[in-house]
Amino acid sequence: MENLYYDYVIIGGGAAGLASGQYAARSGLKTVIIESTADGGQLMQITELENYPGVFPQVSGADLIETLHKQAESFGVSFESAAVTSIDKQNDHFVTQTKNKTFTSKALLIATGAVHRNLNVPGEKELAGCGVSYCAVCDGPFFRNKKIVVVGGGDSACSEAIYLSGFSKDVKIIHRRDTFRAQQAIVDKMISAGIEPVYNSVVKSINGNQKVESITLENVQSNETQQIECDAVFIFAGILPQTALVEMLPKDEAGYIKTDENMQTVVPGLFAAGDVRSKPFRQVVTAVSDGAVAAHSAAEFIRNSK
């Protein structure tokens, strides 16, 4: 088993992790980013990123990730492609374990992100980025005056439906029950915005050739099916923060890791940033900000612990 020593270990190679790596390396920390798959996280699902400040015209999420990776690498960040199996703290150092290597560090960042809960229906994966979306702020403007369908029944789904109604007057929301789980005030606002609810229905498939053209619904009471023409399907069936490595940390009601404004968790030297962290707004720009703050905090923590 190979043992490697770093000042700062980052778990997760998305926007938060890459930004944190860049800032940490620039401040003189020996830094490594460990990612089990390719860099990027949810950013890789964005085909046209048009709302990232200073990046214009729009780029793909993959292009931005590639640039972030090269930038971090240019400052001296090391990269390790492996799945982390465990995290421990021993004698004021963090021990991060993969299958073949052990990483010992003075500070550690959890930037493992979150994943959208999928519907797991035919067409969802195939048409992701071609009309299937999980982010209204990211993709709503691409569907001005188009037929939009929202799937879900909680606060997020209803709030995002209201947001999307600013781009189109033809917005429907599909919910498997006969009442929404969202707060009544949000539901009332949604209905007053002219959004059409379709109750007691589930999506059985998302249909289209290279782009979304329609969805097939099944009524859960009658088992009857119908097809609804649409140009976009926004899915808000829940988000799952990736916290399996740090289940001992305090989390909010939705399962996101609690931190202070410095990205510090309750464990000194253990930070969290990006979509895995409890916060009111999740965008690429907020993930990058989290990562930069975490790196600054980690550098201060290491200096003060000497």
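Okay, so let's go over this structure. Just so we're clear, the structure is a prediction, and the values are computed from it rather than from any experiment.

Cut-offs used in this document
- Residues numbered from 1 in each chain as written.
- Predicted model: local features only at pLDDT ≥ 70, side-chain atom pairs only at ≥ 80, totals over all residues.
- Heavy atoms only, no water.
- Buried < 20%, exposed > 50% of the residue type's maximum accessible area, 1.4 Å probe, protein only.
- Helix = DSSP H or I, 4+ residues; strand = E, 2+ residues; numbered from the N terminus.
- Pairing = 2+ DSSP bridges.
- Right-handed = clockwise from strand over helix to strand, strands pointing away.
- Axes fitted to C-alpha atoms, helices over the stretch in contact; angles between N-to-C directions.
- Polar contact = N/O pair within 3.5 Å; in protein donor to acceptor, adjacent residues only side chain to side chain.
- Contact = heavy atoms within 4.5 Å.
- Parallel < 35°, antiparallel > 145°, perpendicular 65-115°, else oblique.
- Left-handed = near helix turned anticlockwise from the far one by under 90°.
- Nonpolar A, V, L, I, M, F, W, Y, C, P; charged D, E, K, R; others polar.
- Phe/Tyr/Trp six-rings, centres within 6.5 Å; stacked < 30°, edge-to-face > 60°.
- Salt bridge = Lys/Arg side-chain N within 4 Å of Asp/Glu carboxyl O.
- Disulfide = S-S within 2.5 Å.

Here's the deal with the pairing of strand β1 (residues 2–11)
Across the 10 residues that make up β1, a large majority, 7, are buried. Two strands pair when backbone bridges link them, and β1 and strand β6 (residues 101–110) are joined in this way by 9 bridges, in the parallel orientation. Its bridge partner lying in β6, tyrosine 6 is registered against serine 105. Sheet topology places β1 next to strand β2 (residues 31–35); 4 bridges connect them, and they run parallel. Its bridge partner lying in β2, valine 9 is registered against valine 32. Remark: the β1/helix α1 (residues 15–26)/β2 crossover connection has right-handed handedness.

Describing the sheet that holds strand β14 (residues 225–229)
Taken in spatial order, the 3 strands of this open sheet run β12-β13-β14, and their pairing is antiparallel. Of all strands in the sheet, those with a lone pairing partner are β12 (201–207) and β14, marking the two edges. Averaged over all pairs of adjacent strands, the angle between their axes in this sheet comes to 30°, without regard to strand direction. Bridge count for strand β13 (residues 214–219) against β14 is 5 bridges, and the pairing is antiparallel. Bridge assignment links isoleucine 215 to a residue of β14, and that residue is isoleucine 228.

Details of the sheet that holds strand β15 (residues 232–235)
Spatial ordering of the open sheet is given by β8-β15-β9-β10-β11, a layout of 5 strands whose pairing is parallel. A single partner strand is all that each edge strand has here, and the edge strands are β8 (132–133) and β11 (196–198). In this structure, strand β10 (residues 171–174) lies alongside β11, joined through 3 bridges in parallel fashion. Along β11, the bridge assignment pairs isoleucine 174 with valine 198.

Description of the side chain of aspartate 139
Here aspartate 139 lies in helix α3 (residues 136–139). Only 2.6 Å separates the side chain of aspartate 139 from the side chain of serine 133, close enough to count as a polar contact. Setting aside its immediate chain neighbours within four residues, aspartate 139 contacts Ser133 and Phe234.

Quick look at the packing of helix α4 (residues 155–164) against helix α5 (residues 184–192)
Across the interface, α4 lies against α5 with an axial gap of 9 Å and an inter-helix angle of 30°. Judged on the interaxial angle alone, α5 and α4 are roughly parallel. Where α4 crosses over α5, the two elements pack in a sense that is left-handed. Judged by residue contacts, Asp155, Cys158, Ser159, Ala161 and Ile162 of α4 engage Ile186, Val187, Lys189 and Met190 from α5. Here the residues of the contact of α4 with α5 are counted per class, giving 6 nonpolar, 1 polar and 2 charged.

Regarding the packing of aromatic side chains
A full pass over the atoms with the stated rule returns 4 aromatic pairs. Aromatic pair phenylalanine 143 and phenylalanine 234: ring centres 6.0 Å apart, planes at 90°, arrangement edge-to-face. Separated by 91 residues along the polypeptide, phenylalanine 143 in the loop between α3 and β9 (148–151) and phenylalanine 234 in strand β15 bring together distant segments of the chain. For phenylalanine 234, a relative accessible area of 0% corresponds to the buried category.

Here's the deal with the pattern of salt bridges
With the rule as written, the count across this model stands at 9 salt bridges. In this structure, lysine 172 engages glutamate 196 in a salt bridge whose closest nitrogen and oxygen atoms are separated by 4.0 Å. Here glutamate 196 lies in strand β11 and lysine 172 lies in strand β10, a separation of 24 residues in the sequence. By relative accessible area, which is 41% here, glutamate 196 ends up partly exposed. The closest approach of N and O atoms between lysine 251 and glutamate 247, which form a salt bridge, is 3.7 Å. Given the relative accessible area of 21%, lysine 251 is considered partly exposed.

Considerations on the state of the cysteines
Taken as a whole, this structure holds 1 disulfide when the rule is applied. The closest cysteine sulfur to the non-disulfide-bonded cysteine 130 is located on cysteine 230, 14 Å from its own sulfur.

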